[in-house]
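# Understanding the architecture of this molecule
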Amino acid sequence: MIEYLKRHPEKVIGPLTEHIWLVLVTLVISLAIASFLTVLAMRSEKVSDLLNNIFSLVYSVPSLALFALLIPITGLGRTSAVIVLTLYNQYLLLRNFTTGLREADPVACEAAKGIGMTDMQILTRIRIPLARKAIFAGIRLAIVSTVGIATIAASINAGGLGILLFEGLRTMNIPKILWGSVLSAGMAVLLNAVLKMVEEKM
Amino acid sequence: MPIIQYDNVCKKFDNSGRLAVDHVSAQIEKGEFITILGSSGCGKTTLLKLTNRLYDPDEGKVLVDGENIANVDPVALRRRLGYVIQQVGLFPHMTIRDNITVIPQLMKWDKKRMDERADELLTLVGLAPSEYRDRYPHQLSGGQQQRVGLARALVLDPEILLMDEPFGAIDAITRLNLQNEFMKIQEGLGKTILFVTHDINEAFKLGSRVMVMNEGKLLQFDTPAEIVKNPADSFVRSLIEAARSQEEFWENVR
Ligand SMILES: Nc1ncnc2c1ncn2[C@@H]1O[C@H](COP(=O)(O)OP(=O)(O)OP(=O)(O)O)[C@@H](O)[C@H]1O
Ligand SMILES: [Mg+2]
């Protein structure tokens, strides 16, 4: 394995950076969209239920099928991959964000309203700080799940560690397979552990 | 013109068969100290919440300063009325100082003015500023938290104060001090106060007039002396008798 890395460092480092890039871009876009949707969802229970139903449905579609569905629209490559990963994340993020925010200390929220905060001020000053654990847990789940699902993105030419796995399997190249699995699994496990530690400190 | 006027106000909750506030009419003049007395579930909290639009009436109307509050922006209205909520409801993630000055922060007061105001109010409610201002609510006892709740309600120097059992978790001695302190404040500043309690002694001691409520209805609204002299009905009479019998107990001990 080490031998392989020494001989072809670019063949491991390349997919690894692509993978990280994929995860980062997805995360940024996912968070932007999820924040927007969360604000909408906080306005009414109906909108919230609707969004949660839609994204739980999307979430239940197998990733390969979702990739395949998008190819006619956005083609092969990173764009499709980022879209799919972002869609999956909405379920994880939205569900954690909305339940966390809704369940934030109801007495404190009522007091905030009673002393004259607007709904938006209650959201930013009271609910978000009180729901920070749930919010962070959602982000952690989204990161870990993106790291995992992003390996499949290689199947539509989006690059990433999946390349090592797919190519390794096709050519029965054991070091390649090992690097692919160790890095993707290791990244997921490590990130999960680190983020969980941060979460517990909050 | 009365500063607060209830006009046949009714409030019914969806899941309940009866009115939580049942055709209440009353007029409160500026500078009055009104206590609202009644047993648990009689609608005291609901009546207060109808006054700052946490609830809107199903029937009737509430006027503040002669204006139907249904037409007033609720946020602006609530900043004009200080509100001490029954369950205290301090913000657990903020220091005591920030708890007191959240609204001034939103109104962009300058830092010095806010710090001074927080210290001033902490002193007023009997908490040493240097000791308490940087603590978090969970580092305070229940009674201390209630006093911070009171300080928070006073921060904008509101003309009207709605207080929902503000001294509920405070021991008898501190309570007596706060009551006396509070009567002085009210006389000095000419604030109008609506003060909910289910302690008849507190209601009669503090109130220039007392609202006696039962099952959503306002049974009697008069000065303590008048209520004792002429109780409106059997419920009010039994309330006074209960207080009397307590008094007798103390007489006998002596
Ligand atoms: N949000 C609500 N939904 C449904 N019913 C409610 C709600 N709030 C209050 N009620 C009901 O309305 C009635 C009056 O309640 P309220 O809280 O005004 O009583 P209270 O006089 O303040 O009592 P306490 O002294 O226990 O605080 C009660 O029967 C209560 O069960
Ligand atoms: Mg109450």
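Note that the coordinates shown come from a computational prediction; the quantities given were computed from them, not determined experimentally. In this numbering scheme, every chain counts its residues from 1 along its sequence in written order. The order in which chains are written sets their letters, starting at A; the order in which ligands are written sets their numbers, starting at 1. Totals for whole chains, interfaces and linings use all residues, but because this is a predicted model, local features are given only for residues with pLDDT of at least 70 and pairs of side-chain atoms are given and counted only at 80 or more. As a rule here, side-chain values cover all heavy atoms of the structure and leave hydrogens and water aside.

## Side note on the pairing of strand β1 (residues 4-12) of chain B
All names here are of chain B. When DSSP finds at least two bridges between two strands, those strands are taken to pair. Numbering of helices and strands starts at the N terminus; helices are DSSP runs of H or I of at least 4 residues and strands are runs of E of at least 2. Sheet analysis places β1 next to strand β2 (residues 19-28), joined by 6 bridges and oriented antiparallel. By the bridge assignment, Q5 is partnered in β2 with Q27. Linkage of β1 to β2, two consecutive antiparallel strands, is achieved through a turn of 6 residues. Sheet topology places β1 next to strand β4 (residues 59-64); 5 bridges connect them, and they run antiparallel. Considered in β4, the bridge of Y6 is made with V62.

## A closer look at the coordination of the magnesium ion (ligand 2)
Donors, by definition, are the N, O and S atoms found within 2.8 Å of a metal, the threshold being 3.2 Å for Na, K and Ca, and water is not counted, so a site can look incomplete. Around the magnesium ion (ligand 2), the protein supplies T45(B) (OG1) and Q86(B) (OE1) as donor atoms, at distances of 1.9 to 2.2 Å. In this pair, T45(B) is assigned in helix α1 (residues 44-51) and Q86(B) in the loop between β6 (81-84) and α3 (96-106), connecting sequence segments 41 residues apart.

## What about the site of ligand 1?
All names here are of chain B. Note on terminology: near, applied to a residue and a molecule or strand, indicates that one of the residue's heavy atoms is within 4 Å of it. Ligand 1 sits among 15 residues. The nearest are S40, G41, K44, T45 and T46. Polar contacts here mean pairs of N or O atoms no more than 3.5 Å apart (in protein, one a potential hydrogen donor and the other a potential acceptor; neighbouring residues in sequence count only if both atoms are side-chain atoms). In the model, an oxygen atom of ligand 1 is placed 2.8 Å from a nitrogen or oxygen of the G41 main chain. Using a 1.4 Å probe, accessible areas were evaluated by the Shrake-Rupley method; residue-level cover was limited to the displayed protein chains. Calculation on ligand 1 without its partners gives an accessible area of 630 Å², and the protein chains cover 66% of this total. Ranked by residues supplied to the shell around ligand 1, first place goes to α1 with 3 residues. Under the scheme applied, nonpolar residues are Ala, Val, Leu, Ile, Met, Phe, Trp, Tyr, Cys and Pro; charged residues are Asp, Glu, Lys and Arg; polar residues are all the others, including Gly. Across the shell around ligand 1, the residue classes break down as 4 nonpolar, 8 polar and 3 charged.

## Some thoughts on the environment of V88(B)
Its place among the elements puts V88(B) in the loop between β6 and α3. The class for V88(B) is buried, based on a relative accessible area of 13%. For the pair V88(B) and P166(B), spaced 78 residues apart in sequence, the C-alpha to C-alpha distance is 7.9 Å. Leave out the neighbours within four places in its chain, and V88(B) touches A111(A), Q145(B), Q146(B) and R152(B). When accessible area is computed with a 1.4 Å probe and restricted to protein chains, residues below 20% of their type maximum are described as buried, those above 50% as exposed, and intermediate ones as partly exposed. Any two residues whose heavy atoms approach within 4.5 Å are treated as being in contact.

## Some points on the interface of chain A and chain B
A common way to express how large an interface is: the accessible area buried when the components associate. On the side of chain B, 21 residues touch chain A, which itself brings 17 residues to the contact. Here chain A and chain B share an interface that buries about 1700 Å² over both sides, 69% of which is from carbon and sulfur atoms. What counts as buried area is the accessible surface, traced by a 1.4 Å probe, that two parts surrender upon association, with contributions from both included. Sorting the residues of chain A by area buried against chain B places E110(A), I115(A) and R125(A) first, and these three jointly supply 34% of that buried surface. A pair is scored as a salt bridge if a Lys or Arg side-chain nitrogen falls within 4 Å of a carboxyl oxygen belonging to Asp or Glu. The tally of links from chain A across to chain B stands at 1 salt bridge. Notably, a salt bridge pairs K49(B) with E110(A), separated by 3.0 Å at the nearest N-O pair. Between the two partners, chain A and chain B, sit 5 residue pairs in polar contact (both at pLDDT 80 or more). When contributions to the side of chain A that touches chain B are tallied by element, the ones reaching two or more residues are α6 (106-114) and α7 (119-130) of chain A. Ranked by the residues each element gives to the side of chain A that touches chain B, the list is headed by α6(A), at 7 residues. When the residues that make up the side of chain A that touches chain B are grouped by side-chain class, the tally is 9 nonpolar, 4 polar and 4 charged.

## Some details on the nonpolar core
M117(A), I126(A), Y6(B), I28(B), F91(B), L194(B) and M211(B) are the most contacted members of the largest nonpolar core, which has 44 residues in total. Delimitation of the domains relies on an automatic or database domain assignment. Shared between two domains, this core holds at least three residues of each, these being domain 1 (4-80 + 158-252) and domain 2 (90-157) of chain B. Contacts of Y6(B), omitting those with residues within four sequence positions, involve V24(B), S25(B), A26(B), I28(B), L47(B), T51(B), K61(B), V62(B), L194(B) and M211(B). The criterion is simple. A nonpolar core is a set of buried Ala, Val, Leu, Ile, Met, Phe, Trp, Tyr and Cys residues joined through side-chain atoms within 4.5 Å. The next biggest cluster of nonpolar side chains, apart from the first, holds 28 residues, and it includes A153(B), I170(B), F195(B) and L206(B).

## Quick notes on the sheet that holds strand β5 (residues 67-68) of chain B
All names here are of chain B. What the 4 strands build is an open sheet, ordered β2-β1-β4-β5; its pairing is antiparallel. Strand pairing shows two members of the sheet lacking a second neighbour, β2 and β5, which therefore form its edges. Note on geometry: axes are C-alpha line fits, over the in-contact stretch for helices, and angles between N-to-C directions span 0 to 180 degrees. With respect to the sheet, α1 is in contact with β1, β2 and β4, its orientation differing from that of β1 by roughly 120°.

## Some points on the pattern of salt bridges
Opposite charge on two side chains permits pairing when their charged atoms draw close. Residue and element names in this part refer to chain B. For the structure on display, the rule yields 21 salt bridges over all chains. R97 is the partner of D115 in a salt bridge, and the nearest nitrogen-oxygen pair spans 3.6 Å. With D115 in helix α4 (residues 111-124) and R97 in helix α3, the pair connects residues that are 18 residues apart, well separated along the chain. Where K191 meets D157, a salt bridge forms, and the shortest distance between an N and an O atom there is 2.6 Å. A residue pair is termed long-range when its members are at least 10 positions apart, and K191 in the loop between α7 (172-189) and β8 (192-197) and D157 in the loop between α6 (142-154) and β7 (160-164) qualify at 34 residues.

## So, the packing of helix α2 (residues 9-43) of chain A against helix α8 (residues 132-149) of chain A
All names here are of chain A. Look at α2 against α8: their axes get within 10 Å of each other, and the N-to-C directions meet at 140°. The handedness of the crossing between α2 and α8 comes out as right-handed. Listed contacts from α8 to H19, V23, T26, L27 and L31 of α2 are I139, I143, T146 and V147. Its residues placed into classes, the contact of α2 with α8 shows 6 nonpolar, 3 polar and no charged. The sense of a crossing depends on the near helix, which, turned anticlockwise from the far helix by less than a right angle, makes the crossing left-handed and, turned clockwise, makes it right-handed.

## Description of the pairing of strand β9 (residues 209-214) of chain B
All names here are of chain B. With 6 of 6 residues buried, β9 is to be regarded as a mostly interior element. Alternating positions in β9 separate into two faces, R209, M211 and M213 on one and V210, V212 and N214 on the other, with burial throughout. As paired elements, strand β3 (residues 33-37) and β9 share 4 bridges and run parallel to each other. Residue T35 lies in a different strand from β9, and its bridge partner there is V210. Looking at chain direction, β9 and strand β10 (residues 217-222) are connected through 5 bridges and run antiparallel. Looking at the pairing, M213 lines up with L218 of β10.

## A few points about the domain arrangement of chain B
Residues and elements named next belong to chain B. Each assigned domain of chain B is listed here: domain 1 (4-80 + 158-252) and domain 2 (90-157). With centres defined by C-alpha atoms, the gap from domain 1 to domain 2 works out at 25 Å. Each partner contributes residues to the interface: domain 1 has 17 residues there, and domain 2 has 14 residues. Between domain 1 and domain 2 lies a buried interface of about 1200 Å² when both sides are counted; carbon and sulfur atoms form 68% of it. Run the count over domain 1 and domain 2 and you get 1 salt bridge.

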